[in-house]
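Chain by chain, the residues:
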Amino acid sequence: MESSTFRLGHRPPLDGLRGFAVLCVMVFHAHTGFLEGGGLGVEIFFTLSGFLITTLLCDELDRHGDVSLKNFYARRALRLAPALILLVFVYAVWSCLALDGGKARQNLLEAGIALTYMSNWARAFWWNAPDLLGHTWSLSIEEQFYLVWPLVLLLASRFTSNRRTLALLALGLAAISLTWRNVLLEQQRSPERLFNGLDTRADALMVGCALALWLSGQRVDALRRRWAGPLSVLGPLAFVFIVAVMLVSGKEEWRQPYMYRWGFAAVELSAVVLMAHLLISERAGLARLFSLGALRWFGGISYGLYLWHYPVYRMMRAHGVAPLTVLIAGSAVTIAIALVSYHGLEQPVLKLKKFFDRRKNGAPEAPSASENRSVRPA
């Protein structure tokens, strides 16, 4: 298999990287005064999402010569919607039972905004911006990306099947997003607008897409021969840089102009380099670190942890609970809820994905991955 082309398969270090990212975000939201730049873990999530989604799309293109968008969107809905619906349902019921009419109505409106994946734009323009559900801004950006990017990639694939060319396209879109963000910054648009817009944050997703397209179709032995050495140096340096930025940043760092000029981009590119290292040098020290069982375990339930930790922490802080207690006790509560959600809801629902998986349904594969690829919208 050393001479085979790159396939994602199951990569334990990526699970661990996801676990690392969600733990950083949780520490940040506990407001303990430690790791006040931990919110940058969201940048890692964005980059991972762009990489993983694009890899799945490329895999289906290679296997079948086209992509079923119907199946793609159905699988995304099965993966993401149930846990969010549960959170919004609990939030709505609690609001109706525990709050007065006016506040309850406001919370129900916020719940609707979160459920329709519009939290980022509500926050960007201060239109009924969600409070206890404010963290769903990142989910909204990702969901909007899931809607748009497959269409862009498949349209571009009609003109070229060269993955390196498509990788350059993804990098070009990342550059456009970064440039547009700087244009808005020069126009003195608010940090909320710059931080929450899909258009101003798409670069984090697109660099992950570019990595997936660059790796796609390349031979594993060639990748390791050319890149294992340089990445053995660059990968650890990228990780050290990410951790250092998290440690030295303040909790209001996201408001600083330099973050929009180059700060976020530097973290995103570092995340891409780190991911490339983990993928190409699977036996390296960092890969073993991120393959540790604890990190992988947190990575496995990271979606539930992200959804539930923020409202749990916020409610504890509102009742005067000390930050360290919020982190310890709030995390215990969050983990318990996330486990119930994962085993009782998310995993059972995911069994339905088999009905939207062409490999399971016996769909024929394309004779050659190099043949013309077409879009199949249903």
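From a predicted model like this one, the values you see are computed outputs, not experimental measurements.

Asks: What is the right way to read the confidence of the model for the protein chain from this model?
Replies: For any part of a model where pLDDT is low, the fine detail of the predicted coordinates should not be relied upon. Per-residue pLDDT for the protein chain averages 91, and the proportion of residues at 70 or more is 94%. Ranking the elements of the protein chain by mean pLDDT puts strand S2 (residues 374-376) last, at 34, and helix H8 (residues 191-196) first, at 98. Per-residue pLDDT stays below 50 along residues 362-378; that stretch engages in 36 contacts with residues further than four places along the chain or on separate chains.

Asks: How should I be thinking about helix H10 (residues 220-248) in this particular structure?
Replies: In an α-helix, one turn spans 3.6 residues, which is why side chains three or four residues apart end up on the same side. Trp227 marks where H10 bends most, by close to 50°; the proline Pro230 follows one to four residues later. Along H10, the residues that are buried comprise Val220, Ala222, Leu223, Leu231, Gly235, Ala238, Phe239, Ile242, Val245 and Met246. Contacts made by the buried residues of H10 are with helix H1 (12-30), helix H2 (41-64), helix H9 (198-215), helix H11 (257-280) and helix H12 (285-290).

Asks: It is not clear to me how the side chain of Gln218 should be interpreted in this structure. Could you clarify?
Replies: By the element assignment, Gln218 lies in the loop between H9 and H10. Filtering out sequence-adjacent residues up to four positions away, Gln218 remains in contact with Ser4, Thr5, Phe6, Arg164, Leu223 and Arg226.

Asks: When you look at the packing of helix H6 (residues 137-157) against H9 in this model, what are you seeing that I'm missing?
Replies: Each pair of packed helices can be described by the angle between their axes along with the distance between the axes. The N-to-C vectors of H6 and H9 enclose an angle of 55°; their axes lie 10 Å apart at closest approach. With respect to H9, the element H6 is oriented oblique. Judged by the twist between their axes, the crossing of H6 over H9 is right-handed. Counted together, Trp137, Ile141, Gln144, Phe145, Trp149 and Leu153 of H6 and Leu198, Arg201, Leu205, Met206, Cys209 and Leu213 of H9 form the full contact between these two elements. When the residues that make up the contact of H6 with H9 are grouped by side-chain class, the tally is ten nonpolar, one polar and one charged.

Asks: I tried to follow the environment of Gly250 on my own but got confused; where do I start?
Replies: As for its placement among the helices and strands, Gly250 is situated in the loop between H10 and H11. With a relative accessible area of 23%, Gly250 lands in the partly exposed category. For Gly250 and Phe28, which are 222 residues apart along the polypeptide, the C-alpha to C-alpha distance reads 9.9 Å.

What counts and what doesn't
- Residues numbered from 1 in each chain as written.
- Predicted model: local features only at pLDDT ≥ 70, side-chain atom pairs only at ≥ 80, totals over all residues.
- Heavy atoms only, no water.
- pLDDT = per-residue confidence, 0-100.
- Helix = DSSP H or I, 4+ residues; strand = E, 2+ residues; numbered from the N terminus.
- Contact = heavy atoms within 4.5 Å.
- Bend = angle between axes of the 7 residues up to and from the residue.
- Buried < 20%, exposed > 50% of the residue type's maximum accessible area, 1.4 Å probe, protein only.
- Axes fitted to C-alpha atoms, helices over the stretch in contact; angles between N-to-C directions.
- Parallel < 35°, antiparallel > 145°, perpendicular 65-115°, else oblique.
- Left-handed = near helix turned anticlockwise from the far one by under 90°.
- Nonpolar A, V, L, I, M, F, W, Y, C, P; charged D, E, K, R; others polar.

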